[in-house]
Amino acid sequence: NGLWYTASRLGAVTSTGKVKPRFRCLNPEHTSEHRNSTSLKKCEDVIAVQQAQKWLATQQKSGGRWMCETWEGGHEIYDVGVTALALLALQSYGNTLTYGDYQSNIQRGVNYLTTIQNKSGGFGGDAGQANPFNHAMATMALCEAYAYGEQPLKLVEPIRRGLTYIEKSRNPYSGWRYAPVPTGNSDSVVTTWMCLALLAAKGAGFAIDETALKHADDWFMTMTGETGRVGYALGGGGGPG
């Protein structure tokens, strides 16, 4: 079906259709140690990832979100984005809507994101600098939940509405910035996240506007200086600033 998010990407698929998560230790000093699954289970890197998952799961609130304000200095305007990032982290290790040690966490987090989506299709509000990041990350998390979770129909419409929101906020022949409508101003950070959201949707089998990716690529080419450094936004002279 053309999906990028195949079950085998997460790990080995068992005879019952479940996925046994695969964690490949990337520490070069451990290469000779991992000759079987038993040694891998004892790897401090694997254990660290497992402990991190457990910690993430315990931080989720009853309503399904992860709350920035739990920690000093955090603000609730970022809760949508942080919830999406937590879901992406848990999903990357074999947890989906249908299986995994933290299946219920994925279900509650996905439900939270779909519940707070507004009428215009946006996740996390329409105003403020946090909005495009919240929206892009939430779109990515839902696309992975859809692809890994046996493509539930209930996520099709929220994802499509999220993609429409991304398209409507795009600056023609350019990228994105903070406003929910085109203003003519783009920046490389917001544009990067929006492109990642579009690629996640494409990987999950959704139709996207390929022109948007082409124009974003043109933007990055314009913003790349002679040294290879990519600028944030257009400067006073018209080049990378």
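Please refer to the structure higher up on the page.
Residues numbered from 1 in each chain as written. Predicted model: local features only at pLDDT ≥ 70, side-chain atom pairs only at ≥ 80, totals over all residues. Heavy atoms only, no water.

Quick notes on the nonpolar core
And step 1. In terms of nonpolar packing, the biggest core is built from 45 residues, with Val110, Leu113, Leu155, Ile159, Trp176, Leu198 and Phe206 touching the most fellow members.
And step 2. Of all the elements in the fold, those that place two or more residues in this core are helix 3 (44-59), helix 4 (79-91), helix 5 (103-116), helix 6 (131-148), helix 7 (156-168), helix 8 (188-203) and helix 9 (210-223).
And step 3. In terms of residues, this core owes the most to one element, helix 6, which gives ten residues.
And step 4. Here Leu113 is in contact with Val80, Thr83, Leu87, Phe123, Ala138, Ala141 and Leu142, once residues within four sequence places are set aside. (Core = buried A, V, L, I, M, F, W, Y, C linked by side-chain atoms within 4.5 Å. Buried < 20%, exposed > 50% of the residue type's maximum accessible area, 1.4 Å probe, protein only. Helix = DSSP H or I, 4+ residues; strand = E, 2+ residues; numbered from the N terminus. Contact = heavy atoms within 4.5 Å.)

Observations regarding the side chain of Gln60
And step 1. Note on placement: Gln60 falls in the loop between helix 3 and helix 4.
And step 2. Note on Gln60: relative accessible area 8%, which makes it buried.
And step 3. At 2.9 Å, the side chain of Gln60 forms a polar contact with the backbone oxygen of Gly64.
And step 4. For Gln60, the residues in contact, after removing those within four places along its chain, are Arg65, Trp66, Asn105, Arg108 and Gly109. (Polar contact = N/O pair within 3.5 Å; in protein donor to acceptor, adjacent residues only side chain to side chain.)

As for the packing of helix 8 against helix 9
And step 1. One way to put it is that helix 8 packs onto helix 9 with a least axis distance of 11 Å and a crossing angle of 150 degrees. Regarding the angle of helix 8 to helix 9, the classification is roughly antiparallel. The interaxial crossing formed by helix 8 with helix 9 has left-handed handedness. When helix 8 is examined against helix 9, the residues Ser188, Thr191, Thr192, Cys195, Leu198, Leu199 and Lys202 are found in contact with a partner set consisting of Glu210, Ala212, Leu213, Ala216, Trp219, Phe220 and Met223.
And step 2. Its residues assigned to classes, the contact of helix 8 with helix 9 comprises nine nonpolar, three polar and two charged. (Axes fitted to C-alpha atoms, helices over the stretch in contact; angles between N-to-C directions. Parallel < 35°, antiparallel > 145°, perpendicular 65-115°, else oblique. Left-handed = near helix turned anticlockwise from the far one by under 90°. Nonpolar A, V, L, I, M, F, W, Y, C, P; charged D, E, K, R; others polar.)

Some remarks on helix 6
And step 1. Taking 1.5 Å as the rise per residue, helix 6 with 18 residues should run 26 Å; its terminal C-alpha atoms sit 26 Å apart, in good agreement.
And step 2. Just downstream of helix 6 lies Glu150, where phi reads positive at about 65 degrees. (Expected span 1.5 Å × (residues − 1).)

Brief notes about the side chain of Arg170
And step 1. Structurally, Arg170 can be placed in the loop between helix 7 and helix 8.
And step 2. Classification of Arg170 by relative accessible area gives buried; the value is 10%.
And step 3. At 3.1 Å, the side chain of Arg170 forms a polar contact with the side chain of His215.

Regarding unusual backbone geometry
Peptide bonds are, in most cases, trans, and in most cases residues other than glycine have a negative phi.
And step 1. With phi around 65 degrees, Glu150 is a residue other than glycine that occupies positive phi space.
And step 2. Looking at where Glu150 falls in the secondary structure, it is placed in the loop between helix 6 and helix 7.
And step 3. A relative accessible area of 60% places Glu150 in the exposed class.

A closer look at the environment of Met67
And step 1. Along the polypeptide, Met67 turns up in the loop between helix 3 and helix 4.
And step 2. Judged by its relative accessible area of 19%, Met67 is buried.
And step 3. In the structure, Met67 is positioned ten residues away from Ile77 in sequence and 9.3 Å away in space, judged by C-alpha atoms.
And step 4. If we skip the residues at most four places from it in the chain, Met67 touches Lys61 and Asp79.

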